[in-house]
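So the chains spell out like this:
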Amino acid sequence: TADTPAFPEKREIDAPVDQERVVELDGQTEQEPDRSGETAKVNGADAKSAVSSRLSPQPIRERIGKSFNVAVEVSGGRQMSGADIALKYDATKLQVKSVRDGGLFGPQSLFSYDFGKNGALTVKLEHPDGAPTPTRGRLVTVEFIAIGEGRSEIAINGGQTRARAGNAQVPVTGSSLQVIIAND
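What counts as what
- Residues numbered from 1 in each chain as written.
- Predicted model: local features only at pLDDT ≥ 70, side-chain atom pairs only at ≥ 80, totals over all residues.
- Heavy atoms only, no water.
- Helix = DSSP H or I, 4+ residues; strand = E, 2+ residues; numbered from the N terminus.
- Contact = heavy atoms within 4.5 Å.
- Polar contact = N/O pair within 3.5 Å; in protein donor to acceptor, adjacent residues only side chain to side chain.
- Salt bridge = Lys/Arg side-chain N within 4 Å of Asp/Glu carboxyl O.
- Buried < 20%, exposed > 50% of the residue type's maximum accessible area, 1.4 Å probe, protein only.

### Topic: unusual backbone geometry
Residues Ser 56 and Pro 57 are joined by a peptide bond in cis, for which omega reads 0°. With respect to the helices, strands and loops of the structure, Pro 57 is situated in the loop between strand 6 (51–56) and strand 7 (60–63).

As structure tokens, then:
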């Protein structure tokens, strides 16, 4: 009809799966790149590029004066060569006693951490050669001491937590856990 716009006819020409597809458009041929191996996008980023973190165990019940461990574990669809992890917690109820490398980047990883009285812990880890490592395993173990009665959350600070894949910075999604501290 006169109201229907005329669109050129598009036909695919058979090509092996691992090669580029040839597309014929109104008698003209052009090649389209093979997109079969491309990754789906999530919020504009490759789904495989996402790194997620998890804190365990959950929940934690402890008494004042006792210590407990929290593991920071990561998983994702890509490899990483380092990470900057930021945890936040209530410094009136919890105190960091120690931070140990979880071994994800090998026995000689570059490892440093810093914490103050404000309830923030930052940890930096890197593979010594910058080599890519599968994103699955324990990054660090943090030992806390319960110093105040009540509830406290320990959480990944997403705004300051990043994984590195070569020179690229990859956001890390995080979780939190609840700590219940009793005085008995």
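### Re the environment of Ser 176
Among the secondary structure elements, Ser 176 is positioned in strand 17 (residues 176–182). Expressed as a C-alpha distance, the spacing of Ser 176 and Asn 157, which sit 19 residues apart in the sequence, is 9.3 Å. Contact partners of Ser 176, with chain neighbours within four places excluded, come to Leu 55, Gln 58, Glu 153, Ile 154 and Ala 155. A polar contact is formed between the side chain of Ser 176 and the side chain of Glu 153, at a distance of 3.2 Å.

### Focus on the environment of Pro 171
One can find Pro 171 in strand 16 (residues 168–173). On a C-alpha basis, the gap between Pro 171 and Gly 159 in space is 8.3 Å, while along the polypeptide they are 12 residues apart. Among all residues touching Pro 171, those that are not within four sequence positions of it are Val 51, Thr 161 and Arg 162.

### Observations concerning the pattern of salt bridges
Once the charged atoms of two side chains with opposite charge are near each other, the side chains can pair. If you walk through the whole model with that rule in mind, you get eight salt bridges. A salt bridge links Arg 164 to Asp 84, with the shortest nitrogen-to-oxygen separation between them at 2.9 Å. Residue Arg 164 is located in strand 15 (residues 162–165), and its partner Asp 84 is located in strand 9 (residues 82–88); the two are separated by 80 residues in the primary sequence. The partly exposed category is assigned to Asp 84, whose relative accessible area is 22%. The salt bridge partner of Lys 97 is Glu 143, with a shortest N-O separation of 3.7 Å. Placement of Lys 97 in strand 10 (residues 94–101) and of Glu 143 in strand 13 (residues 133–146) is noted, with a sequence separation of 46 residues between them.

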